[in-house]
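Survey of secondary and tertiary structure
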Amino acid sequence: MIDFNLDSDAIATLAWNMPGRSQNVLNEESCNALCDAIERVVGDTDVKGILMTSEKADFIAGGDLEWLLTSDDPAVLFERVMRLNRALRKLETCGKPVAMALPGMTLGGGLEVALVGHYRVAANNPKARFGLPEVTLGLLPGGGGTQRLPRLIGIQKSLPLLLEGKRLSAADALKAGILHAVVDAGSEVAAAHAWLLTAIASGAPAQQPWDVKGFKVPGGAMASPAMQQVIMASNAMVRAKTYGNYPAPQHILSCVYEGMITDLDTALQTEARYFVQTVLTPEAKNMIRTLFFSMNEANKLAARPSGVPTQRYTKIGVIGAGMMGAGIAYVAAKAGLQVTLIDMAQEAGEKGKAYSQALIDKQLTRGQTTPDKAQALLDRITPTTDYALLDGAEIVIEAVFEDRALKAGVTQRSEAVIAADAIFASNTSTLPISGLAEASARPANFIGLHFFSPVDKMKLVEVIVGKQTSDATLARALDLVKALGMTPIVVNDARGFYTSRVFSTYVLEGMAMLAEGVSPALIDNAGLQAGMPVGPLALTDEVSCELIHKIDRQTKLDLGDAYVARPGHAVAAQMVALGRIGKKAGMGFYDYPQDAKKHLWSGLKQLYPLAAVQPTVQQLVERLTVVQAVDTARCMEEGVLRTARDADVGAILGWGFPPFLGGPLSMIHSIGVAAFVAQCERLAVQHGARFAPPALLLDMAAKEQTFYPKAH
Ligand code: NAD
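My aim in this report is to walk through the structure given alongside it, one point at a time. (Residues numbered from 1 in each chain as written. Predicted model: local features only at pLDDT ≥ 70, side-chain atom pairs only at ≥ 80, totals over all residues. Heavy atoms only, no water.)

1. Quick notes on empty space enclosed by the protein
Empty space among the atoms becomes visible once a probe the size of a water molecule is rolled across them. A full pass over the atoms with the stated rule returns one cavity of 30 Å³ or more. When its volume is computed, the largest cavity comes out at roughly 30 Å³. Lining the largest cavity are Glu398, Lys407, Ala408, Thr411, Phe424, Ser426, Leu436 and Phe446. For the lining of the largest cavity, the secondary structure elements donating two or more residues are helix H16 (404–415) and strand E14 (423–426). (1 Å grid on protein atoms, 1.4 Å probe; cavity = no way out; pocket = protein on both sides within 12 Å on 5 of 7 lines; lining within 4 Å. Points joined across faces, edges and corners; volume = space filled by probe spheres on them. Helix = DSSP H or I, 4+ residues; strand = E, 2+ residues; numbered from the N terminus.)

Listed below in structure tokens is the structure:
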């Protein structure tokens, strides 16, 4: 677990080496081993200096979240962190010099352990990152991070690391004062050893700066007017950004505020108390479940049918070099694939390639890539009009206009060139995959790969399985998503698939509110307050009312008598009739003046007069989130979704569903299925059948079933 070696210089090396894991983590066994090792090196008079390092590529990746969730007992959790805190405190105050040699990633609990050293030297490893990312999972650093970091680098400098979970490169961590030195990779242990020899020779007992009498926090003490201002501003910023939905950053600020006016031992207890409180919040549980466990499952391709050999990709064809095709070409070339990028005219293909050039130019100016790598990436993209160049591609993805006949032609021309076992994928956002596959001579090899815009930033790919798509095609398509470094969810073919369908319930509910006479400013504020990235009306303007209206018309045509309108559709139709289709037209629910900020269109007041009694923000927030959750449950019932995990990951990554709720099904899980059913029934009476709970939920409530194990 932690290898021990005492050398002839009286330096004890503690090397982390957890068996059977690619990374070291803090869990029950490793914490026991660490506490034992600390007792040993502190108590052994033959040990004059202590060197801690890792035999793996990284130092310690952080706390083991599985372990964290094994108890809901505040006393157990408190004792767990305090035991670690006591051991670490013992190490840093034992008088013997302690050096940390850090080969790679040093995050979360890993950095907290490293901060206990009197000296920290890191390898110059481009992959290494240093930081306390706990907040991104709804947690706070519970191993002294909120106390040692501000004491080391100053309160103000530590806040972005603590509140935003910023991760620094070795060079930046050195600049920030977190590291003492960065050396060539492989020589960090020798550098730590050399420092220890000097420290031992000096004869002086090793001390942390904060244990030296008269210690002053760099940059100003908490009591100083400047720091009071910093905390007040940070508090306001956290509130403005999170609308009070996230307890973790609030608790982190409290830890810093309360902890920095006391001695470290008291401060560690304060932190431990906030840590326990935070771990037990539903927000932390939701974020850990979806953003850590479910995301890992998706990235490990949990949905991949077994028994299909892994497909290695060397060449991809992309047809349509517009917004989506250009983005797909870039991510594929970045992943090392050769890309044939086809459009109707050579200039259109070149324009698509220029998108990659623009992204690379930005990276070059920021020093994020090298000229050689940049050129190699560009050289992998071949823009052309010639389908013959698709020869040798293991997969072709079409991203031409949203037109069935056009897509059919493109499918047939591609299949005439590519190998019989190659995959043909459509990036359609609205056309059912099984219908598009009718144009294919090999429908078993036909699949939907729904990328999101902008492709280089949005990590989600919604993989759509058509009626005839084979398991082998699904497995191999998932291999591509992984090769591109993206996260897949797998859904079955249905109108709007999953993401577009449930996303639309949010914007349509906003429009329904408008039709009822709710103030438009209140509607969009409620969206933000709910934790969505953009209010529903502003978002409708972004995607354009025209698109929503067009999809609605098509749905009505396709479904005939089975078609059911939502109240928001009438608003979309009215806005389209007025030509106010959204941002791209410079007018929608908002006006978009050239030189000023957008503002709500004044004519809305005449079109939708305000009701005399306005609902509360909480009532609107409830509708805006429940409408998405209940439709997601319907997707489960209808078999559009295959797993709750895919539902939740897809919602957060795909359309920004509030992470603190963990996704729509995690939200139902936190509320409890029976309580959610009651909520839906109440809303259905007040606002209509779109809120009625589906049979699946009624059945689950009756049988006391849950979407996730009860303990999680
Ligand atoms: P776009 O209009 O930006 O690009 C389409 C490109 O296809 C154009 O460059 C056009 O010249 C080319 N094209 C048209 N017919 C062609 C043909 N026969 N052969 C070769 N090239 C042809 O469109 P887009 O926004 O990139 O969307 C493309 C597809 O992706 C659509 O099916 C759309 O529904 C889907 N999609 C779009 C988004 C989005 O946010 N825009 C998101 C997901 C999926």
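That covers the picture; the talk isn't over yet.
2. Description of the site of the ligand
In the vicinity of the ligand there are 22 residues, among which Met324, Asp343, Glu402, Lys407 and Ser429 approach most closely. Met323 places a main-chain nitrogen or oxygen 3.0 Å from an oxygen atom of the ligand. A distance of 3.0 Å separates an oxygen atom of the ligand from a polar atom in the side chain of Asn427. Protein contacts shield 78% of the accessible area of the ligand, which totals 840 Å² for the unbound molecule. Looking at the shell around the ligand, the elements that each hand over two or more residues are helix H13 (323–334), H16 and strand E15 (446–451). (Near = heavy atom within 4 Å. Polar contact = N/O pair within 3.5 Å; in protein donor to acceptor, adjacent residues only side chain to side chain. Areas by Shrake-Rupley, 256 points an atom, 1.4 Å probe, with all protein chains shown as cover.)

3. Some words on helix H8 (residues 188–202)
The terminal C-alpha atoms of H8, which comprises 15 residues, lie 21 Å apart, in line with the 21 Å expected from a rise of 1.5 Å per residue. Along H8, the residues that are buried comprise Glu188, Ala191, Ala192, His193, Leu196 and Ala199. Along its buried surface, H8 packs onto strand E2 (11–16), strand E3 (49–54), strand E4 (98–102), strand E6 (119–123) and strand E9 (181–183). With its phi angle positive at about 80°, Gly203 sits one or two positions after the end of H8. (Expected span 1.5 Å × (residues − 1). Buried < 20%, exposed > 50% of the residue type's maximum accessible area, 1.4 Å probe, protein only. Contact = heavy atoms within 4.5 Å.)

4. With respect to the sheet that holds strand E7 (residues 130–131)
Ordered by their spatial adjacency, three strands build an open sheet running E5-E7-E8, and the pairing between neighbours is mixed. Single-partner strands in this sheet number two, and they are strand E5 (106–107) and strand E8 (167–168). The pairing of E5 with E7 spans two bridges and is parallel. Of the residues in E7, the one forming a bridge with Leu107 is Gly131. (Pairing = 2+ DSSP bridges.)

5. Focus on the nonpolar core
With 87 residues, the main nonpolar core has Tyr498, Met511, Phe589, Ile668, Phe676, Leu697 and Phe707 as its most contacted residues. Counting residues per element, this core draws most heavily on helix H25 (residues 617–637), which supplies 10 residues. Not counting residues within four places of it along the chain, the set of residues in contact with Met511 comprises Leu537, Thr540, Cys545, Ile548, Gly568, Val571, Ala572 and Phe589. (Core = buried A, V, L, I, M, F, W, Y, C linked by side-chain atoms within 4.5 Å.)

6. Overview of the pattern of salt bridges
Under the criterion given, the structure shown has 26 salt bridges. Between Glu402 and Lys407 there is a salt bridge whose closest N-O contact spans 3.5 Å. The class of Glu402 is partly exposed, set by a relative accessible area of 36%. With relative accessibility at 2%, the residue Lys407 sits in the buried group. The salt bridge involving Arg623 is made with Glu516; its shortest N-O contact spans 2.8 Å. (Salt bridge = Lys/Arg side-chain N within 4 Å of Asp/Glu carboxyl O.)

7. Points about the packing of aromatic side chains
Under the counting rule described, the total for this entry stands at five aromatic pairs. Ring plane angle 70° and centroid distance 5.6 Å describe the contact between Tyr498 and Trp655, whose orientation is recorded as edge-to-face. A residue pair is termed long-range when its members are at least 10 positions apart, and Tyr498 in the loop between strand E17 (487–492) and helix H19 (499–515) and Trp655 in helix H26 (residues 644–655) qualify at 157 residues. Its relative accessible area of 0% is what places Tyr498 among the buried residues. The ring centre of Phe4 lies 3.6 Å from the NZ or CZ of Arg40, which sits over that ring. Taking NZ or CZ as reference, Arg580 lies 4.0 Å from the ring centre of Trp601, over its face. (Phe/Tyr/Trp six-rings, centres within 6.5 Å; stacked < 30°, edge-to-face > 60°. Lys NZ or Arg CZ within 6 Å of the ring centre and 35° of its normal.)

8. Observations regarding the layout of surface pockets
Space inside the second largest pocket adds up to approximately 1,200 Å³. If you go around the second largest pocket, you meet 42 residues; those closest to its centre are Gly62, Gly63, Asp64, Leu65 and Phe292. Its residues assigned to classes, the lining of the second largest pocket comprises 22 nonpolar, 10 polar and 10 charged. (Nonpolar A, V, L, I, M, F, W, Y, C, P; charged D, E, K, R; others polar.)

9. Re a nonpolar patch on the surface
A cluster of nonpolar side chains, Met344, Phe401 and Leu406, forms an exposed patch at the surface whose accessible area comes to about 370 Å². Residue placement: Met344 occurs in the loop between strand E11 (338–342) and helix H14 (346–365). (Patch = residues over 30% accessible without salt bridge, like charges linked within 9 Å, V, L, I, M, F, W, Y side chains within 5 Å.)

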